[in-house]
Amino acid sequence: MAIPILEINHLTHQYPDGSDGIIDICFSVTKGDFIILVGKNGSGKTTLIRHLNGLLRPQSGEIKLHGKNILKDLILTRKTVGMVFQDADTQIVGDTVFDEVAFGPENLNLQRNLINTKVTQVLEQLNLIKLKDRNPSTLSGGEKRKLTIAGILVMDPEIIIFDEPFANLDHPGTQSLLSTIADLNQNGQTIVMATHDVETLMGSASRMLIMDKGRLVEDGSFTDLIKKLESHGIKEPCTCRIGRPWQP
Ligand SMILES: Nc1ncnc2c1ncn2[C@@H]1O[C@H](COP(=O)(O)OP(=O)(O)OP(=O)(O)O)[C@@H](O)[C@H]1O
Ligand SMILES: [Mg+2]
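Residues numbered from 1 in each chain as written. Chains lettered and ligands numbered in written order. Predicted model: local features only at pLDDT ≥ 70, side-chain atom pairs only at ≥ 80, totals over all residues. Heavy atoms only, no water.

Peer 1: An account of the overall build of the chain is needed here, citing residue identities and associated values.
Peer 2: Looking only at helices and strands, the chain features nine helices and ten strands. Taking 18 Å as the expected radius of gyration for a compact globule of 248 residues, we find that the chain reaches 18 Å, a close match to that expectation. Expressed as a percentage of contacts within the chain between residues at least 6 apart in sequence, the contacts between residues at least 24 apart total 64%. Accessible surface for the chain amounts to roughly 12,500 Å². Of this, 51% is attributable to carbon and sulfur atoms. Averaging the coordinates of the 26 positive side-chain charges in the chain and doing the same for the 30 negative ones gives two points 2 Å apart. (Helix = DSSP H or I, 4+ residues; strand = E, 2+ residues; numbered from the N terminus. Rg over C-alpha atoms; globule rule 2.2 N^0.38 Å. Contact = heavy atoms within 4.5 Å. Areas by Shrake-Rupley, 256 points an atom, 1.4 Å probe, with all protein chains shown as cover. Lys, Arg positive; Asp, Glu negative; His and termini not counted. Charge placed at Lys NZ, Arg CZ, Asp CG, Glu CD.)

Structure, rendered in structure tokens:
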């Protein structure tokens, strides 16, 4: 059996006002996984993924990264587990696309030549090289989201976590971002994504976790769990309904 990169053991988080964020969550992430985390609004997806790089701390339970508690070395954790937030704009700090992507490696005090090579490589990989001198504030929503991914990718993370990456993107923007993320996974990048866009991910994601009221209620293959979505209040992709009697 493959050795997990991340092991999430009995994780529980309650917010200070007493609301249950997540309750007794257990699962593991293995190299090459493309996991989507689905569930109704407020089911705990964002709360869970904010624990995966130590942004939130659980009341009980723990997360292990290669066998060690992730809170023991937060710098290593954040380098290994990259996070692309729901609102990509809040992550952008550079004056140009190039500078934005260079920001992380500069903070690691890498040599200038190495930084330039890595940044150029990542901008080429994500098709952003032609925008390298643009001010990030002038980019489209989809381009900004790719820029945020570039800023994470340049740090060579083992896992990239996404929170609703397709929110507010139009169809071409969604398709372009999807193809970027799917290519990364095809090249071995491990991905965990909280999303409401199950249909968009058909054919790309391999595994699905379903959350309900803070609990992880299903963990299995994407194709097996598609049939169970409706019983957890999540809309089944239209393409799965073709040939079945019409239901409002
Ligand atoms: N800062 C907070 N303080 C108190 N309760 C919170 C806080 N953040 C989230 N919650 C509560 O925790 C629960 C889970 O919220 P969470 O944001 O993790 O859900 P989600 O599955 O990401 O929802 P969505 O699909 O709307 O993004 C909800 O009941 C929410 O109201
Ligand atoms: Mg959320």
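Peer 1: I'd like to hear about the nonpolar core, residue by residue, with values.
Peer 2: In this structure, Ile36, Ile181, Met193, Leu201 and Met208 are the most contacted members of the largest nonpolar core, which totals 44 residues. Per-element accounting of this core gives the leading share, five residues, to helix α5 (residues 141-153). Residues within four places of Met208 in sequence aside, it is in contact with Ile36, Val38, Val198, Glu218, Asp219, Gly220, Ser221, Phe222, Leu225, Ile226 and Leu229. Judged by nonpolar contacts, the second largest core, of 25 residues, contains Ile5, Val29, Ile49 and Ile159. (Core = buried A, V, L, I, M, F, W, Y, C linked by side-chain atoms within 4.5 Å. Buried < 20%, exposed > 50% of the residue type's maximum accessible area, 1.4 Å probe, protein only.)

Peer 1: Tell me about the side chain of His13, and name the residues and values.
Peer 2: Among the secondary structure elements, His13 is positioned in strand β1 (residues 4-14). In this structure His13 comes out as buried when scored by relative accessible area, which is 7%. Within the structure, the side chain of His13 is placed 2.9 Å from the backbone oxygen of Arg57, a separation counted as a polar contact. Every residue in contact with His13, bar those within four places of it in the chain, is listed here: Ser19, Asp20, Gly21, Ile22, Thr47, His51, Leu56, Arg57, Pro58 and Gln59. (Polar contact = N/O pair within 3.5 Å; in protein donor to acceptor, adjacent residues only side chain to side chain.)

Peer 1: Account for the site of ligand 1, with residues named and values stated.
Peer 2: Surveying the vicinity of ligand 1 reveals 14 residues, the closest of which are Gly42, Lys45, Thr46, Thr47 and His196. Ser19 places a side-chain nitrogen or oxygen 3.1 Å from a nitrogen atom of ligand 1. The contact in question runs from an oxygen atom of ligand 1 to an N or O atom on the side chain of Thr47, over 2.5 Å. Its free accessible area being 630 Å², ligand 1 has 63% of it covered by the protein chains. Of all the secondary-structure elements, those providing two or more residues to the shell around ligand 1 are β2 (20-30) and α1 (45-51). (Near = heavy atom within 4 Å.)

Peer 1: Provide a residue-level description of the pattern of salt bridges, including the pertinent values.
Peer 2: Within the structure shown, the criterion is met by eight salt bridges. The salt bridge involving Lys118 is made with Asp156; its shortest N-O contact spans 2.7 Å. Highlighted residues: Lys118 in helix α4 (residues 112-125) and Asp156 in the loop between α5 and β7 (159-163), separated in sequence by 38 residues. (Salt bridge = Lys/Arg side-chain N within 4 Å of Asp/Glu carboxyl O.)

Peer 1: Tell me what's going on with α5, and back it up with residues and numbers.
Peer 2: Here α5 spans 18 Å end to end across 13 residues, near enough to the 18 Å set by a 1.5 Å rise per residue. The buried fraction of α5 is high, at ten of 13 residues. Among all positions of α5, only Gly142, Lys144, Arg145, Lys146, Leu147, Thr148, Ile149, Ala150, Ile152 and Leu153 are buried. Lining the buried residues of α5 we find β6 (81-84), α3 (97-107), α4, β7 and α6 (171-186). (Expected span 1.5 Å × (residues − 1).)

Peer 1: Give a detailed account of the sheet that holds strand β5 (residues 68-69), specifying residues and quantitative values.
Peer 2: Strand order in this open sheet of four strands is β2-β1-β4-β5, and the pairing throughout is antiparallel. Strand pairing shows two members of the sheet lacking a second neighbour, β2 and β5, which therefore form its edges. Taken together, the two bridges between strand β4 (residues 60-65) and β5 define a ladder with antiparallel strand orientation. Residue Lys64 lies in a different strand from β5, and its bridge partner there is Asn69. (Pairing = 2+ DSSP bridges.)

Peer 1: Break down unusual backbone geometry for me, citing the residues and quoting the values.
Peer 2: Even without a glycine there, the phi angle at His66 is positive, about 45°. One can find His66 in the loop between β4 and β5. With phi around 60°, Asn109 is a residue other than glycine that occupies positive phi space. Structurally, the position occupied by Asn109 is in the loop between α3 and α4.

Limitation: the analysis is restricted to geometry and does not speak to function.
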